[in-house]
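# Breakdown of the fold
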Amino acid sequence: MFEAFRVYGFGFEYPKGCVISFGKKSLRRRGYIVMELAEELRITVSWGDLESKLPQHANTEVHAKHSLSRLNKASDLKELSLVDTSTVLVNGHQATLTHFRVRSAYPILAKSRNRETRSLHIHCAESNRFFILEASSRVDSASADGASAFRRLQETFVCH
Ligand SMILES: [Zn+2]
């Protein structure tokens with residue numbers, strides 16, 4: 001079951017039952033939202049000013065690569081393996097889809113050690129914002145269907 005979420009002129013459908021939290025000081029111009037379904041599934045949507053990103057991130061492909069390399073430098077990361085990357089259409093925009101797996105180094109995080117993440121980088125000139133959509137789920141989890149949550153996110157996302 002999915003239900004509609006809409007705020008600041010963008011929206012999408014998310015799995016019913018998620019706990020939603022806003023990043024502090026999330027404005028129309030920039031911010032983030034986290035949606036969690038227990039430990040199983042985590043959806044993150046972040047956005048920001050497109051113009052200020054454009055000098056270093058001419059397109060979504062470059063932007064996605066930059067996000068991955070930043071993630072690669074995270075201190076708790078043991079291994080990041082790229083599964084696939086492709087170009088998809090989201091709300092009329094050419095968006096970059098990245099699918100990767102992450103293994104964390106700390107045993108204390110055992111619950112979330114092996115995670116599978118799909119992300120979308122979108123540049124929306126109409127609203128002068130970029131969006132990064134991410135759905136992450138445990139690789140070993142039978143109940144969390146990260147793939148279908150992500151597909152729904154991709155299909156229903158509206159940014160302008
Ligand atoms: Zn748009």
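What you are looking at is a predicted structure, and each value in this text was computed from that prediction instead of being measured.

### Comments concerning the sheet that holds strand β7 (residues 93-104)
Across the sheet, which stays open at both edges, the seven strands sit in the order β3-β4-β5-β9-β8-β7-β6 with antiparallel pairing between neighbours. At either end of the open sheet lies a strand with only one pairing partner, and these are β3 (19-22) and β6 (77-90). Strand-to-strand twist across the sheet, computed as the mean angle between neighbouring axes with direction ignored, equals 15°. In this structure, strand β8 (residues 114-124) lies alongside strand β9 (residues 129-138), joined through 10 bridges in antiparallel fashion. Counterpart to S119 in the pairing with β9 is E134. Across the sheet, helix α2 (residues 60-72) lies against β6, β7, β8 and β9, angled at about 15° from β7, the strand it touches most. Sheet strands touched by helix α3 (residues 146-156): β5 (41-49), β6, β8 and β9. Its angle to β9, the strand with the most contacts, is close to 160°.

### Some remarks on the environment of D140
By secondary structure assignment, the location of D140 is in the loop between β9 and α3. Along the sequence, D140 and T96 sit 44 residues apart, while their C-alpha atoms lie 26 Å from each other.

Definitions and limits used
Residues numbered from 1 in each chain as written. Predicted model: local features only at pLDDT ≥ 70, side-chain atom pairs only at ≥ 80, totals over all residues. Pairing = 2+ DSSP bridges. Helix = DSSP H or I, 4+ residues; strand = E, 2+ residues; numbered from the N terminus. Axes fitted to C-alpha atoms, helices over the stretch in contact; angles between N-to-C directions. Contact = placed C-beta atoms within 7 Å.

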